[in-house]
Amino acid sequence: MSVRRALISGAVFLIGAALVYFATGLSNAGGVVLKPNDASVVSHGAEVYEQNCASCHGANLEGEEDWQVRDEDGRLRAPPHDATGHTWHHDGELLFRLTKYGPAEVIGDPSYATNMPAYEGILSDDEIIAVLSYIKSTWPPHIRARHDEMEERR
């Protein structure tokens, strides 16, 4: 599969996720509050990340190699959660839903093939928030500031 085709597929996924996100009113939900400045939450999040996420997304949040290119099964590889990826382009509410329910549920397409599991029933809501807080805590100040601005607008 060409890089162009993979990028188009990724863009279609993101547009679908955005449509579901706004159609369900999540942009105003405001229920998820990340705590990247809370050392105990971040520390707990780092532990939960190591146990549940690092095997795919990398010990240093670097993601899989060629993460923007689909694998031999046509699935997107695990993206980085550091500053080189696109995680910080999404607000905490969407990140929470993607983690808890999985991409297929969030975009409303149960046939969407993904390696990303849904963590509902595996991680508590507090653990998911801790992981996302840990991830955000690693971003450089300018990216955290942009993410904070996005959070304030929802």
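Look up a bit, the structure's there.
Focus: the overall build of the protein chain
So, step 1. The helix and strand tally for the protein chain stands at 7 helices and 0 strands.
So, step 2. Listed by position from the N terminus, the elements making up the protein chain come as α-α-α-α-α-α-α.
So, step 3. Counting contacts in the protein chain only where the partners sit at least 6 residues apart, residues at least 24 apart contribute 62% of the total.

Section: the environment of D73
So, step 1. Residue placement: D73 occurs in the loop between α3 (54–57) and α4 (92–101).
So, step 2. As for D73 and T114, which are separated by 41 residues in sequence, their C-alpha atoms are 9.5 Å apart.

Examining the nonpolar core
Where a protein is soluble and globular, its nonpolar side chains tend to be buried together.
So, step 1. Judged by nonpolar contacts, the single largest core of 21 residues is most densely connected at Y49, F96, V131, L132, Y134 and I135.
So, step 2. Secondary-structure elements contributing two or more residues to this core are α2 (39–52), α4 and α6 (125–137).
So, step 3. With 6 residues, the top contributor of residues to this core is α6.
So, step 4. Sequence-distant contacts of Y134, defined by excluding residues within four places in its chain, comprise V42, G45, A46, Y49, A59 and L61.

Some details on the side chain of E93
So, step 1. Checked against the element boundaries, E93 lands in helix α4.
So, step 2. Taking relative accessible area as the criterion, E93 reaches 8% and is therefore assigned buried.
So, step 3. One polar contact links the side chain of E93 to the main-chain amide nitrogen of G31, over a distance of 3.4 Å.

Focus: unusual backbone geometry
So, step 1. With a phi angle near 65°, L61 is a residue other than glycine that sits in the positive phi range.
So, step 2. Look at L61 and you get buried, because its relative accessible area is 4%.
So, step 3. Positive phi outside glycine occurs at D66, with the angle close to 55°.

Observations regarding the pattern of salt bridges
So, step 1. In the structure shown here, the tally under the stated rule is 2 salt bridges.
So, step 2. Put simply, D125 and K100 hold a salt bridge, and the shortest N to O gap is 2.7 Å. Here K100 lies in helix α4 and D125 lies in helix α6, a separation of 25 residues in the sequence.
So, step 3. You can call D125 partly exposed: its relative accessible area is 35%.
So, step 4. On the basis of relative accessible area, K100 is assigned to the buried category, the value being 12%.
So, step 5. When the shortest N-O distance is used, the salt bridge between K136 and D148 registers 2.5 Å. Of this pair, K136 sits in helix α6 while D148 sits in helix α7 (residues 141–153); the two residues are 12 residues apart in sequence, bridging distant segments of the chain.
So, step 6. Residue D148 is classed as partly exposed on the basis of its relative accessible area of 32%.

Cut-offs applied
- Residues numbered from 1 in each chain as written.
- Predicted model: local features only at pLDDT ≥ 70, side-chain atom pairs only at ≥ 80, totals over all residues.
- Heavy atoms only, no water.
- Helix = DSSP H or I, 4+ residues; strand = E, 2+ residues; numbered from the N terminus.
- Contact = heavy atoms within 4.5 Å.
- Core = buried A, V, L, I, M, F, W, Y, C linked by side-chain atoms within 4.5 Å.
- Buried < 20%, exposed > 50% of the residue type's maximum accessible area, 1.4 Å probe, protein only.
- Polar contact = N/O pair within 3.5 Å; in protein donor to acceptor, adjacent residues only side chain to side chain.
- Salt bridge = Lys/Arg side-chain N within 4 Å of Asp/Glu carboxyl O.

Any link to function would need more than the numbers given here.
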